[in-house]
Every structure is written in C-alpha cells, then in structure tokens.
Amino acid sequence: MKNTADITVLGAGSYGTALAISLASNGHRTMLWGHEPEHIENLKNDKSNEAFLPGIPLPDLLIPEADLATALAASNNVLVVVPSHVFGLVLTQAKPLLRKDSRIVWATKGLEPETGRLIQDVAREVIGDEFPLAVLSGPTFAKELAAGMPTAISIAGTDPQFTKDLVELLHSPKRLRVYANDDFIGLQLGGAVKNVIAIGAGLSDGIGFGANARTALITRGLVELTRLGEALGAQGSTFMGMAGLGDLVLTCTDNQSRNRRFGLALGKGCDVETAQDEIGQVVEGYRNTKEVYTLAKRLGVEMPITEQVYQVLYKGKSPVDAAKELLSREQKSETSSAE
Ligand SMILES: NC(=O)C1=CN([C@@H]2O[C@H](COP(=O)(O)OP(=O)(O)OC[C@H]3O[C@@H](n4cnc5c(N)ncnc54)[C@H](OP(=O)(O)O)[C@@H]3O)[C@@H](O)[C@H]2O)C=CC1
Ligand SMILES: O=C(CO)COP(=O)(O)O
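Notes on the structure follow. Residues take numbers from 1 onward in each chain, read along the sequence in its written order. Following the order in which they are written, the chains are lettered starting with A and the ligands numbered starting with 1. In keeping with the model being predicted, local features are shown solely for residues with a pLDDT of at least 70 and side-chain atom pairs are shown and tallied solely at 80 or more, while totals for entire chains, interfaces and linings include all residues.

Here we take up the site of ligand 2. Using a C-beta atom placed from the backbone for every residue, we mark a residue as near a molecule or strand if that atom lies within 6 Å of it. Near ligand 2 you find Lys109, Pro139, Thr140, Phe141, Ala198, Asp247, Leu250, Thr251, Ser257, Arg258, Asn259 and Glu284, and these make up its full shell. Strands here mean DSSP runs of E at least two residues long; helices mean DSSP runs of H or I at least four residues long; both are numbered from the N terminus. Counting only elements with at least two residues in the shell around ligand 2, the list comes to helix H10 (242-253) and helix H11 (258-267). In terms of residues, the shell around ligand 2 owes the most to one element, H10, which gives three residues. Split into classes, the residues belonging to the shell around ligand 2 amount to four nonpolar, four polar and four charged. Reported domain spans reflect what an automatic or database domain assignment gives. Lining the shell around ligand 2 are residues from two domains, each supplying at least three of them: domain 1 (7-182) and domain 2 (185-327). In this classification, the charged set is Asp, Glu, Lys and Arg, the nonpolar set is Ala, Val, Leu, Ile, Met, Phe, Trp, Tyr, Cys and Pro, and all remaining amino acids, among them Gly, are polar.

The structure is reproduced here in structure tokens:
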C-alpha cells in the first residue's frame, strides 16, 4: 500500500502540484514526483509547495517523491506536467522505468522545440506506440485549481478506457468539470497556440492599447488557431471549446497568465531576459512562438499575429511596429478562409 498510488504526477511545479492536489482531494492516492530532491523534501516538511503555490495545503493523500523509479512503479497512470522543452527528456528518463501497463497523459502545453511537432509525436518517438496516450487542455490557472475554485477542462486520447478512467479520477462535482473530447490533435494544438496569442494580447496592453485591440487579437487569434488546426487534421469546432476559445480568453485577459505578463512587460519596453526572470516560472509562449511559426510556415498556413509576435521576440522588431504592420494589412473579408 505504502508505495502504490492511483496516479503518479511527474513535475512538481505549479500545475503538476495543482493537479495532484485536485486528484488527492478527490480521494485518490497521488504520487507527485519532482526532479529536485531538496524541493521534494520541502514539500514533505511544509505540507505545501511554498515555491510555486504558497499557502495552499497538500492533502494527506498527496505523496511527494524524489525517486523516479518509485514514482513510476507506484501506478500505471502517469500524468506528465513538465514544460514542453523538457517533455522528451523526462519521458526518456521514464521509459526504462515504465510498467508494462503504464498509460501516459500530459498537461504540458506546447510543441517540440525547434521542430514544432506535437507532443504526441515526441511521446510516440520516445516510448513507441503501445502505451495509451491522452492530453488534458483548457482554461485552468494552477492557483485557482489548487485552491478548489470551480474549473473546467477537456481531455482526449488514443484509448477510450484510459480517457474514461481519467475523467473518473479528475472529475469532481465540487471543483473540476472534465469534458471528454475526441480531438486529440486539436486539444494539443490549442494549448500551444494560445500561449503565443496571450503574449500578443500582453504586448498590445503593454503598449497602451485597449479592450478593442485585445478582443480583436483574441478573435483573430482563434481564426489563426483554427486554420492551423484544420491543416493538421484537427476539428475546427474543438477550438470553440475549452482548449481554444476558453484558454484564449483566460490567458489573454487575466494577469495570472505568465504569457500575458511576459507580453505586457515587453510592450512596456522590458527586454526578453528580464521579463522572463521577473516571472520566474515557465513562459511556454516564448519558445512556442518559434515552434508555431515554424509549423505554420512548413504547412503554408497564414498566421499574421503569430508572425508579428515572432518578429518581436526573435527579430528585434518593436511592439509598436509589429502592431502597425498588423493594422496596415490589406483589407479582407472576415470570413475568408485565406489570411
Ligand atoms: N501553471 C498553470 O496554470 C498551467 C500550466 N500548464 C502547463 O503545464 C506545464 C508545466 O507548467 P507549470 O507547472 O506551470 O510550470 P512551472 O514553471 O510552475 O514548473 C515547472 C516544473 O517543471 C520542473 N522541471 C523543469 N525541468 C525539469 C526536468 N528536466 N525534469 C523534471 N522536472 C523539470 C521545474 O523544476 P525546477 O523548478 O527545478 O526547474 C518545475 O518544478 C507547461 O507546459 C504549462 O503550459 C497548463 C495549464 C495551466
Ligand atoms: O495554460 C494556462 C492556463 O490555462 C496557464 O497560462 P500561462 O502559462 O500563460 O500562465
């Protein structure tokens, strides 16, 4: 009993801890693995994750664990919640320690560094095709989820039984509503592209533009996401749900979003490094912008907002010049399928 769990969470940052708290609060024994033994010791001693979610108590059923082998032996359900740029690395470390019956779900939002591949492709390359896979995606700030505030999320995967079991584990009538979805690609892509648009919204607000500009960015950002998603085989309707519109509205409008805060700082004249240091947690959109831009170019999909955010982050363009370029684009119909 001591070393078994209903689910193991890999990644003891803000979101991994929040999901582990949520699972444990549902009455499930949940092991939470983190790669820094000192951090895990602090979790055990403080009975909270003061570094990432200060003041929020860890339920008794949440067991912090520093040993990856112990964590992976404890349960066949493995929820990976590390930043996208280390997802492949963590899964590679996990691979020889996985059980034969392991099932892998991730809440990571992003694409593979440099190539812009979906996380599912990274997972398949590392562990092969035999393990059931799933993804969680949607508008879920870690702090609110951890505090038990009402939240909704979507889930999709390759194996209906795994998806059903995950809904059972995660769903709570008091705190977390989980929607099953059959668009595995769409859910992954939504979580990555919204990071880029949230930076764009932050840039716009940082410059001093108002609600009109922010809302236009959300609306046209949704069009960009849908266009890229359909080119990848996702269903357009997915993006009207939690993993599209939901996460875009959340992260483009609320300063809990690190991507939005990053854009805000840049819009006010801060440099990339200082803005990242001040946030002190992962800003997925910084890398994701390059990845989404690369993917869109490869597929020949027009993504003008992404293109301008890319120019600001990687080509030294000023946020004001980027905004001017977006505004001065040629007139077009709102519903045209091309740009
Ligand atoms: N926070 C949120 O509200 C939400 C986050 N997400 C997604 O969840 C993912 C994780 O983000 P989040 O928890 O917020 O990020 P944080 O920055 O809060 O935490 C990241 C965690 O990953 C750890 N980590 C870094 N490198 C490695 C590694 N090589 N091996 C193991 N662990 C590592 C960090 O450890 P260390 O501190 O030692 O570097 C840290 O504990 C991201 O893809 C994010 O987009 C999705 C929805 C909501
Ligand atoms: O994905 C998130 C909420 O759904 C978290 O957003 P940030 O990574 O921008 O903080």
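Two strands make a pair as long as DSSP finds a minimum of two bridges between them. Judged by pairing direction, the sheet is mixed, and its eight strands sit side by side in the order S3-S2-S1-S4-S5-S6-S7-S8 without closing on themselves. Of all the strands in the sheet, the pair left with one neighbour each is strand S3 (62-65) and strand S8 (176-180). Each neighbouring strand pair of the sheet contributes to a mean axis angle of 25°, computed without reference to strand direction. Sheet topology note: the strand S2 (residues 30-33)/S3 ladder contains four bridges and is parallel. Within the sheet, the bridge partner assigned to Met31 lies in S3 and is Ile63. Its contacts with the sheet place helix H8 (residues 184-207) against strand S6 (133-137) and strand S7 (151-157), and it is angled at close to 45° to S6. Any two residues are considered in contact once their C-beta atoms, placed from the backbone, lie within 7 Å. The convention used is that axes are lines fitted to C-alpha atoms, helices contributing only their stretch in contact, and that angles between N-to-C directions extend from 0 to 180 degrees. Set on the sheet, H10 makes contact with S6, S7 and S8; between it and S7 the angle comes to about 145°.

Interpretation in functional terms is not warranted from these geometric data alone.
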